[in-house]
Amino acid sequence: MADLIRLLTRAHKLLRAAADEAMSAHGVRIGQNLVLEVLWDRDGLSPGELAARLNVTTPTVVNTATRLVNDGLIERRPDPSDRRLVRLYLTEKARAAQAPITEARRNLADHALATLTEEEREVMAVALQKIIDRMQSPPTPT
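Keep in mind that what you see is a predicted model, and the values were worked out from it rather than measured.

Some points on the side chain of Gln-32
Positionally, Gln-32 belongs in helix H2 (residues 32-41). The buried category is assigned to Gln-32, whose relative accessible area is 3%.

What follows is the structure, given as C-alpha coordinates:
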(Lines give C-alpha, C1' and ligand atoms only; values in the text may rest on other atoms or scores of the structure.)
Protein backbone atom coordinates (compact mmCIF):
# COMPACT_ATOMS: atom_id res chain seq x y z
CA MET A 1 0.00 0.00 0.00
CA ALA A 2 2.88 2.40 0.73
CA ASP A 3 3.96 2.03 -2.91
CA LEU A 4 0.55 3.31 -4.01
CA ILE A 5 0.89 6.38 -1.78
CA ARG A 6 4.39 6.95 -3.16
CA LEU A 7 3.05 6.73 -6.73
CA LEU A 8 0.17 9.09 -5.98
CA THR A 9 2.57 11.56 -4.39
CA ARG A 10 4.98 11.40 -7.33
CA ALA A 11 2.16 11.79 -9.86
CA HIS A 12 0.80 14.76 -7.90
CA LYS A 13 4.20 16.49 -7.82
CA LEU A 14 4.77 15.99 -11.55
CA LEU A 15 1.26 17.14 -12.46
CA ARG A 16 1.52 20.17 -10.17
CA ALA A 17 4.84 21.24 -11.69
CA ALA A 18 3.51 20.81 -15.24
CA ALA A 19 0.30 22.67 -14.38
CA ASP A 20 2.25 25.50 -12.76
CA GLU A 21 4.40 25.84 -15.86
CA ALA A 22 1.35 25.77 -18.14
CA MET A 23 -0.53 28.35 -16.06
CA SER A 24 2.44 30.69 -15.62
CA ALA A 25 2.65 31.02 -19.40
CA HIS A 26 -0.68 32.89 -19.05
CA GLY A 27 0.27 34.98 -16.01
CA VAL A 28 -1.45 32.72 -13.49
CA ARG A 29 0.05 30.55 -10.78
CA ILE A 30 -1.17 27.09 -9.86
CA GLY A 31 -4.12 27.42 -7.51
CA GLN A 32 -5.03 30.83 -8.88
CA ASN A 33 -6.43 29.08 -11.94
CA LEU A 34 -8.83 27.18 -9.67
CA VAL A 35 -10.17 30.43 -8.20
CA LEU A 36 -10.54 31.86 -11.70
CA GLU A 37 -12.36 28.73 -12.91
CA VAL A 38 -14.97 29.10 -10.17
CA LEU A 39 -15.39 32.80 -10.94
CA TRP A 40 -15.67 32.08 -14.67
CA ASP A 41 -18.61 29.89 -13.74
CA ARG A 42 -20.10 32.30 -11.17
CA ASP A 43 -18.63 35.79 -10.96
CA GLY A 44 -19.16 37.93 -7.87
CA LEU A 45 -18.80 35.36 -5.10
CA SER A 46 -17.67 36.28 -1.62
CA PRO A 47 -14.38 34.78 -0.37
CA GLY A 48 -16.37 32.47 1.92
CA GLU A 49 -18.56 31.23 -0.92
CA LEU A 50 -15.50 30.68 -3.07
CA ALA A 51 -13.73 28.82 -0.26
CA ALA A 52 -16.72 26.51 0.18
CA ARG A 53 -16.78 25.70 -3.55
CA LEU A 54 -13.05 24.95 -3.55
CA ASN A 55 -13.13 23.13 -0.21
CA VAL A 56 -10.38 25.34 1.23
CA THR A 57 -10.30 27.86 4.06
CA THR A 58 -11.48 31.43 3.62
CA PRO A 59 -8.02 32.84 4.54
CA THR A 60 -6.54 30.77 1.70
CA VAL A 61 -8.97 32.39 -0.73
CA VAL A 62 -8.31 35.85 0.71
CA ASN A 63 -4.54 35.40 0.21
CA THR A 64 -4.98 34.11 -3.33
CA ALA A 65 -7.45 36.89 -4.10
CA THR A 66 -4.93 39.49 -2.94
CA ARG A 67 -2.39 38.14 -5.42
CA LEU A 68 -5.02 38.04 -8.17
CA VAL A 69 -5.99 41.66 -7.41
CA ASN A 70 -2.33 42.69 -7.53
CA ASP A 71 -1.98 40.93 -10.89
CA GLY A 72 -5.05 42.73 -12.27
CA LEU A 73 -7.11 39.54 -12.67
CA ILE A 74 -9.88 40.21 -10.17
CA GLU A 75 -11.24 43.13 -8.21
CA ARG A 76 -12.90 43.40 -4.84
CA ARG A 77 -16.18 45.26 -4.57
CA PRO A 78 -18.44 45.77 -1.56
CA ASP A 79 -21.63 43.74 -1.56
CA PRO A 80 -24.48 46.10 -2.50
CA SER A 81 -26.80 44.74 0.21
CA ASP A 82 -24.20 44.22 2.98
CA ARG A 83 -21.32 46.69 2.91
CA ARG A 84 -19.35 44.55 5.40
CA LEU A 85 -19.12 41.80 2.80
CA VAL A 86 -16.77 41.89 -0.18
CA ARG A 87 -17.36 40.19 -3.52
CA LEU A 88 -14.76 39.10 -6.06
CA TYR A 89 -15.21 39.99 -9.72
CA LEU A 90 -13.21 39.08 -12.80
CA THR A 91 -11.43 41.77 -14.78
CA GLU A 92 -11.26 41.83 -18.57
CA LYS A 93 -7.72 40.46 -18.27
CA ALA A 94 -9.06 37.39 -16.42
CA ARG A 95 -11.88 36.91 -18.93
CA ALA A 96 -9.36 37.05 -21.78
CA ALA A 97 -7.26 34.39 -20.03
CA GLN A 98 -10.13 31.89 -19.81
CA ALA A 99 -9.77 30.31 -23.26
CA PRO A 100 -5.96 29.94 -23.18
CA ILE A 101 -5.97 28.57 -19.63
CA THR A 102 -8.77 26.13 -20.43
CA GLU A 103 -6.83 25.00 -23.49
CA ALA A 104 -3.61 24.62 -21.47
CA ARG A 105 -5.41 22.47 -18.89
CA ARG A 106 -6.95 20.36 -21.65
CA ASN A 107 -3.53 19.85 -23.25
CA LEU A 108 -2.02 18.88 -19.90
CA ALA A 109 -4.81 16.36 -19.25
CA ASP A 110 -4.44 14.92 -22.75
CA HIS A 111 -0.70 14.51 -22.23
CA ALA A 112 -1.00 13.04 -18.73
CA LEU A 113 -3.74 10.56 -19.67
CA ALA A 114 -2.61 9.68 -23.19
CA THR A 115 -1.52 6.14 -22.35
CA LEU A 116 -4.69 5.24 -20.41
CA THR A 117 -7.69 3.57 -21.96
CA GLU A 118 -11.13 5.08 -21.45
CA GLU A 119 -11.91 2.29 -18.97
CA GLU A 120 -8.70 3.01 -17.01
CA ARG A 121 -9.60 6.70 -16.90
CA GLU A 122 -13.06 5.92 -15.54
CA VAL A 123 -11.71 3.51 -12.91
CA MET A 124 -9.07 6.04 -11.86
CA ALA A 125 -11.64 8.83 -11.57
CA VAL A 126 -13.87 6.68 -9.36
CA ALA A 127 -10.92 5.51 -7.24
CA LEU A 128 -9.56 9.03 -6.77
CA GLN A 129 -12.99 10.34 -5.79
CA LYS A 130 -13.29 7.57 -3.21
CA ILE A 131 -9.88 8.52 -1.79
CA ILE A 132 -10.89 12.20 -1.66
CA ASP A 133 -14.18 11.37 0.05
CA ARG A 134 -12.46 9.13 2.57
CA MET A 135 -9.73 11.63 3.37
CA GLN A 136 -12.33 14.38 3.92
CA SER A 137 -14.16 12.33 6.51
CA PRO A 138 -12.96 12.11 10.13
CA PRO A 139 -10.65 9.18 10.86
CA THR A 140 -12.26 6.17 12.43
CA PRO A 141 -11.01 5.36 15.96
CA THR A 142 -8.86 2.26 16.24
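Topic: the packing of helix H3 (residues 47-54) against helix H4 (residues 58-70)
Packing of H3 against H4 leaves a shortest axis separation of 8 Å and a crossing angle of 110 degrees. Judged by the angle between their axes, H3 and H4 are roughly perpendicular. Remark: the crossing between H3 and H4 carries right-handed chirality. Here Pro-47, Gly-48, Leu-50 and Ala-51 of H3 lie close against H4, whose contacting residues are Thr-58, Val-61 and Val-62. Tallied by class, the residues present in the contact of H3 with H4 amount to five nonpolar, two polar and no charged.

Re a negative patch on the surface
There is a patch of like negative charges on the surface, built from Glu-118, Glu-119, Glu-120 and Glu-122. By secondary structure assignment, the location of Glu-119 is in helix H6 (residues 118-136). For Glu-119, a relative accessible area of 59% puts it in the exposed group.

Focus: H3
Along H3, the residues that are buried comprise Pro-47, Leu-50 and Ala-51. Along H3, the residues classed as buried sweep out an arc of 100 degrees about the axis, all on the same side. Against the buried residues of H3 lie H2, H4 and strand S2 (86-90). Trailing H3 by a residue or two, Asn-55 shows a phi angle of about 60 degrees, which is positive.

About the criteria used
- Residues numbered from 1 in each chain as written.
- Predicted model: local features only at pLDDT ≥ 70, side-chain atom pairs only at ≥ 80, totals over all residues.
- Heavy atoms only, no water.
- Helix = DSSP H or I, 4+ residues; strand = E, 2+ residues; numbered from the N terminus.
- Buried < 20%, exposed > 50% of the residue type's maximum accessible area, 1.4 Å probe, protein only.
- Axes fitted to C-alpha atoms, helices over the stretch in contact; angles between N-to-C directions.
- Parallel < 35°, antiparallel > 145°, perpendicular 65-115°, else oblique.
- Left-handed = near helix turned anticlockwise from the far one by under 90°.
- Contact = heavy atoms within 4.5 Å.
- Nonpolar A, V, L, I, M, F, W, Y, C, P; charged D, E, K, R; others polar.
- Patch = residues over 30% accessible without salt bridge, like charges linked within 9 Å, V, L, I, M, F, W, Y side chains within 5 Å.
- Areas by Shrake-Rupley, 256 points an atom, 1.4 Å probe, with all protein chains shown as cover.
- Salt bridge = Lys/Arg side-chain N within 4 Å of Asp/Glu carboxyl O.
- Lys, Arg positive; Asp, Glu negative; His and termini not counted.
- Charge placed at Lys NZ, Arg CZ, Asp CG, Glu CD.
- Arc of directions from axis to C-beta.

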